[in-house]
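Residue strings, one per chain:
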Amino acid sequence: MVYVNLKSKPDWLFERNPFGLVPILEHKGNVVYESAVCNEFLEEAFPGSNTGTRDLLPSCLYRRAAARLMMFKIDKVCMLLTFIVANIIAAELYHHQKIDFEKIYFKNFVI
Ligand SMILES: N[C@@H](CCC(=O)N[C@@H](CS)C(=O)NCC(=O)O)C(=O)O
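Every value quoted in this text rests on a predicted model; they were computed, and no experiment measured them.

*Asks:* Describe the overall build of the chain, and please don't skip the residues or the numbers.
*Replies:* In terms of helices and strands, the chain carries 3 helices and 2 strands. In the chain, the order of α-helices and β-strands from amino to carboxyl end is α-β-β-α-α. The buried share of the chain, taken over its 111 residues, is 0%. A sequence separation of at least 24 residues applies to 6% of the contacts in the chain between residues at least 6 apart.

If you want it as structure tokens, here you go:
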């Protein structure tokens, strides 16, 4: 297990996931990313390792599809929330830069 400082992402992260996001799985030289995909990969790569606990997805075909649909919807909501929060942060940063800019401008050129 390798922890990544997300404030200073290493190049190898982008080499493995072009989106630069974690988690990433590397197994026998193959790279897998996206949490839901990683989860399903782990269950399929190590079948039976869940003994004593529930399987990741239901055995019924339709319930499996419903579970995947739910993950898909949750992912969309998370992406939307991330987009909104990122934009709020960007707007805040822009606002503060503008204030700093005005301070510098008035200090150096007007007064
Ligand atoms: N849809 C992706 C989302 C991954 C994601 O957003 N990971 C976060 C950490 S939980 C991340 O890498 N954030 C860093 C960034 O946004 O720059 C997944 O399910 O794996």
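We are not done yet, so read on.
*Asks:* Got a sec to walk through the site of the ligand? Specific residues and values, please.
*Replies:* Taken together, the neighbourhood of the ligand is formed by Leu6, Gly20, Leu21, Val22, Pro23, Glu34, Ser35 and Asp75. Among the residues making up the shell around the ligand, the classes are represented as 4 nonpolar, 2 polar and 2 charged.

*Asks:* Break down the pairing of strand S1 (residues 24-27) for me, citing the residues and quoting the values.
*Replies:* Bridge count for S1 against strand S2 (residues 30-33) is 4 bridges, and the pairing is antiparallel. Bridging across to S2, His27 finds its partner in Asn30. Counted between consecutive antiparallel strands, the loop separating S1 from S2 contains 2 residues, among which Lys28 sits at a positive phi close to 50 degrees.

*Asks:* So what's going on with the environment of Cys38? Residues and values would help.
*Replies:* Tracing the backbone shows Cys38 in helix H2 (residues 35-45). The class of Cys38 is partly exposed, set by 15 C-beta atoms lying within 10 Å. Spatially, the C-alpha atom of Cys38 lies 8.1 Å from that of Pro23, the residues being 15 residues apart in sequence. Once residues within four sequence positions are removed from consideration, Cys38 is found in contact with Pro23, Leu25, Val32 and Tyr33.

*Asks:* Can you lay out unusual backbone geometry for me, pointing to particular residues and giving the numbers?
*Replies:* For the peptide bond that leads from Val22 to Pro23, omega is 5 degrees, which places it in the cis range. Among the secondary structure elements, Pro23 is positioned in the loop between helix H1 (11-16) and S1. Here the phi dihedral of Lys28 falls at roughly 50 degrees; this positive angle occurs in a residue that is not glycine. Along the chain, Lys28 falls in the loop between S1 and S2. One non-glycine residue, Glu34, adopts positive backbone phi at about 80 degrees. With respect to the element layout, Glu34 can be found in the loop between S2 and H2.

Rules used in this analysis
- Residue positions within a chain follow its written sequence, with the count starting from 1.
- Given that the model is predicted, a residue must reach a pLDDT of at least 70 before its local features are reported, and side-chain atom pairs must reach 80 or more before they are shown or counted; all residues, however, enter totals for whole chains, interfaces and linings.
- Secondary structure elements are taken from DSSP: a helix is a run of H or I of four residues or more, a strand is a run of E of two residues or more, and numbering for both begins at the N terminus.
- Counting other C-beta atoms within 10 Å of its own, a residue is labelled buried from 20 upward, exposed at 12 or fewer, and partly exposed in the gap between, with every C-beta atom placed from the backbone.
- Once C-beta atoms have been placed from the backbone, residue pairs whose C-beta atoms lie within 7 Å are recorded as contacts.
- Throughout this description, a residue near a molecule or strand is one whose C-beta atom, derived from the backbone, lies within 6 Å of it.
- Residues are sorted three ways: Asp, Glu, Lys and Arg are charged, Ala, Val, Leu, Ile, Met, Phe, Trp, Tyr, Cys and Pro are nonpolar, and all the rest, Gly among them, are polar.
- In this analysis, strands are considered paired if DSSP registers two or more bridges between them.

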